[in-house]
Amino acid sequence: MTAFEYRAPRALDEALDILEEYGDEGRVIAGGTALVTMMRQRLVRPGCLVSLRDVEGLGQIEARDGAVRLGALVTHREAETSPLLRERWPVLAATFGRVGTIRIRHMATVGGALAHADPNQDPPVTLIALGARVEIRSADGEREMLLAEFFRDYYESVLEPGELITAVTVPPPPERSGTSFIKFLPRTADDYATVAVAVTITLEPDGERCREARIALGSVATTPLRGVAAETLLAGTRLDEHLAKAAGEVAKSEVDPLDDHRGSAAYKREMTAVMVSRALTEAWATARRAVRAAG
Ligand SMILES: Cc1cc2nc3c(=O)[nH]c(=O)nc-3n(C[C@H](O)[C@H](O)[C@H](O)COP(=O)(O)OP(=O)(O)OC[C@H]3O[C@@H](n4cnc5c(N)ncnc54)[C@H](O)[C@@H]3O)c2cc1C
């Protein structure tokens with residue numbers, strides 16, 4: 001590692017001022033699970049590290065008008081074990097629980113999971129399927145966007161120098177909806193996904209047909225992405241085995257995976273079709289249960 005300055009502000013404005021002062025040279029550190037490795041490997045050489053650890057107001061999980069707002073410093077373990085998430089967004093709590101090992105989950109943060117923009121990460125997939133929005137601040141102001149629009153390329157997001165993520169907000173689950181998450185990893189349980197899929201299905205008021213499907217895919221392109229063509233196929237239909245398979249086949253044509261030690265690109269494409277089909281079937285069943293429970 002090369003020498004760098006280290007700053008540990010206690011207030012968000014102070015952190016933003018330091019980031020503005022250092023421009024390209026400034027780098028935020030949250031859990032450090034990714035950044036420290038990247039610095040050791042000299043992939044990044046920040047002139048100044050700005051620790052978020054002591055910054056007040058970034059570590060809360062709050063209910064807001066039916067939505068939940070996760071502060072950027074909330075750890076994966078806190079999200080996994082949050083009673084609020086477990087009750088209202090159980091699939092999101094479960095997704096955080098699938099990340100790496102418990103040691104990693106105690107360190108890695110919600111903001112770090114997004115800003116790192118590694119397409120193999122799990123939380124972005126479920127957050128996209130749930131329609132989450134990300135809050136971004138800089139010394140000049142703030143902006144907010146759908147998480148689905150946040151990722152640009154391999155390890156690259158829309159974040160500009162001087163900007164940091166302050167929170168991610170998940171809207172209330174729509175009525176008559178169900179969400180599923182499948183992390184397919186044939187090697188060990190603490191690995192990154194070979195293919196990850198999250199699906200939200202919202203049913204029409206009759207409870208028989210699909211009003212909207214949101215399909216999010218991870219580990220199969222340079223960014224997490226939505227299977228828009230597969231989603232279109234489902235609108236207005238009643239899901240059955242045949243349709244779930246057909247949608248999986250369409251999703252397969254929307255991905256562009258890399259060959260790596262978790263599988264060849266061809267294998268990941270095939271597994272995308274299988275996992276999308278399974279995730280749709282699970283989300284459909286959950287949505288139907290929600291309809292029955294509502295009477
Ligand atoms: C061995 C191992 C296994 C893992 N397995 C998985 C897995 O299976 N699934 C999975 O999803 N993840 C997994 N992870 C975690 C994941 O890869 C990242 O390491 C983690 O999400 C980064 O979070 P962090 O808080 O530690 O970020 P840091 O390491 O602190 O930072 C990462 C990047 O994000 C930036 N950053 C951090 N916070 C902010 C912010 N609030 N605003 C702007 N920029 C910010 C930093 O500047 C840096 O560029 C694993 C990690 C390890 C080390």
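The structure contained in this document is the topic of the report that follows. As the structure is a prediction and not an experimental result, all values here were calculated from the model. (Residues numbered from 1 in each chain as written. Predicted model: local features only at pLDDT ≥ 70, side-chain atom pairs only at ≥ 80, totals over all residues. Heavy atoms only, no water.)

1. Some words on a negative patch on the surface
Part 1 of the argument: On the surface, E14, D17, E20, E21 and D140 cluster together to form a negatively charged patch.
Part 2 of the argument: Looking at where D17 falls in the secondary structure, it is placed in helix α1 (residues 12-22).
Part 3 of the argument: Look at D17 and you get partly exposed, because its relative accessible area is 45%. (Patch = residues over 30% accessible without salt bridge, like charges linked within 9 Å, V, L, I, M, F, W, Y side chains within 5 Å. Areas by Shrake-Rupley, 256 points an atom, 1.4 Å probe, with all protein chains shown as cover. Salt bridge = Lys/Arg side-chain N within 4 Å of Asp/Glu carboxyl O. Lys, Arg positive; Asp, Glu negative; His and termini not counted. Charge placed at Lys NZ, Arg CZ, Asp CG, Glu CD. Helix = DSSP H or I, 4+ residues; strand = E, 2+ residues; numbered from the N terminus. Buried < 20%, exposed > 50% of the residue type's maximum accessible area, 1.4 Å probe, protein only.)

2. Observations regarding a nonpolar patch on the surface
Part 1 of the argument: A cluster of nonpolar side chains, namely Y154, Y155 and L258, defines an oily patch on the protein surface of about 290 Å² accessible area.
Part 2 of the argument: Structurally, Y154 can be placed in the loop between β8 (151-153) and β9 (156-157).
Part 3 of the argument: What makes Y154 partly exposed here is its relative accessible area of 38%.

3. Some words on the site of the ligand
Part 1 of the argument: If you check the shell around the ligand, you find 30 residues, and the closest are R27, V28, T33, T109 and Y192.
Part 2 of the argument: One of the side-chain N or O atoms of K183 is found 3.0 Å from an oxygen atom in the ligand.
Part 3 of the argument: If the ligand stood free it would expose 980 Å²; the protein chains cover 89% of that surface.
Part 4 of the argument: For the shell around the ligand, the elements supplying multiple residues, two or more each, are β2 (26-29), α7 (110-115) and β10 (164-170). (Near = heavy atom within 4 Å. Polar contact = N/O pair within 3.5 Å; in protein donor to acceptor, adjacent residues only side chain to side chain.)

4. A short note on the pairing of strand β12 (residues 195-203)
Part 1 of the argument: With nine of nine residues buried, β12 is to be regarded as a mostly interior element.
Part 2 of the argument: In β12, alternate side chains face the same way, and those of V195, V197, V199, I201 and L203 on one face and A196, A198, T200 and T202 on the other are all buried.
Part 3 of the argument: As defined by bridge partners, β12 adjoins strand β13 (residues 210-218) across eight bridges and the pair is classed as antiparallel. Across the sheet, the residue bridging to T200 is R214, located in β13.
Part 4 of the argument: Linking β12 back to β13 in an antiparallel pair, the connection comprises six residues, with G207 at a positive phi of about 70°. (Pairing = 2+ DSSP bridges.)

5. Describing the sheet that holds strand β3 (residues 48-51)
Part 1 of the argument: Spatially, β1-β3-β2 is the arrangement adopted by the three strands of the open sheet, whose pairing is parallel. Each edge of the open sheet carries a strand with a single partner, namely β1 (5-7) and β2. Neighbour-to-neighbour, the strand axes of the sheet open up by a mean angle of 25°, direction not taken into account.
Part 2 of the argument: Sheet topology places β2 next to β3; four bridges connect them, and they run parallel. Its bridge partner being in β3, V28 is matched across the sheet by V50.
Part 3 of the argument: Contacting β1, β2 and β3, α1 runs over the sheet at an angle of about 165° to β3. (Axes fitted to C-alpha atoms, helices over the stretch in contact; angles between N-to-C directions. Contact = heavy atoms within 4.5 Å.)

6. Comments concerning the environment of R278
Part 1 of the argument: Relative to the assigned elements, R278 resides in helix α11 (residues 265-294).
Part 2 of the argument: The partly exposed category is assigned to R278, whose relative accessible area is 48%.
Part 3 of the argument: Taking the C-alpha atoms as reference points, R278 and G111, 167 residues apart in sequence, are found 29 Å from one another.

7. Comments concerning the packing of helix α10 (residues 241-252) against α11
Axes are the key here: two packed helices are described by the angle between their axes and the distance separating the axes.
Part 1 of the argument: It is the contact of α10 with α11, at a shortest axis distance of 7 Å, that shows an interaxial angle of 140°. Put simply, α10 runs oblique to α11. The interaxial crossing formed by α10 with α11 has right-handed handedness. Between α10 and α11, the contacting residues are A244, K245, A247, G248, E249, A251 and K252 on the first element and R269, E270, T272, A273, V276, S277, L280 and T281 on the second.
Part 2 of the argument: Of the residues that constitute the contact of α10 with α11, the class distribution is six nonpolar, four polar and five charged. (Parallel < 35°, antiparallel > 145°, perpendicular 65-115°, else oblique. Left-handed = near helix turned anticlockwise from the far one by under 90°. Nonpolar A, V, L, I, M, F, W, Y, C, P; charged D, E, K, R; others polar.)

8. Some words on the environment of E270
Part 1 of the argument: Structurally, E270 can be placed in helix α11.
Part 2 of the argument: Between the C-alpha atoms of E270 and A251, which are 19 residues apart in sequence, the distance is 9.9 Å.

9. Overview of the nonpolar core
Part 1 of the argument: Within the largest apolar cluster, 35 residues are counted, with the highest numbers of intra-cluster contacts made by L92, L114 and F150.
Part 2 of the argument: Within the residue set of this core, elements represented by two or more residues are β5 (67-71), α5 (90-97), α7, α8 (123-129), β6 (133-138), β10 and β12.
Part 3 of the argument: With residues up to four places along the chain from it excluded, the contact list for L92 reads L70, L85, T126, L127, L130 and V170.
Part 4 of the argument: Within the second largest apolar cluster, 30 residues are counted, among which are I215, A230, M275 and L280. (Core = buried A, V, L, I, M, F, W, Y, C linked by side-chain atoms within 4.5 Å.)

10. As for the side chain of T200
Part 1 of the argument: If you trace the backbone, T200 turns up in strand β12.
Part 2 of the argument: Separated by 2.8 Å, the side chains of T200 and T179 make a polar contact.
Part 3 of the argument: Beyond its immediate chain neighbours, meaning those up to four positions away, T200 contacts A129, L130, S177, G178, T179, E212, A213 and R214.

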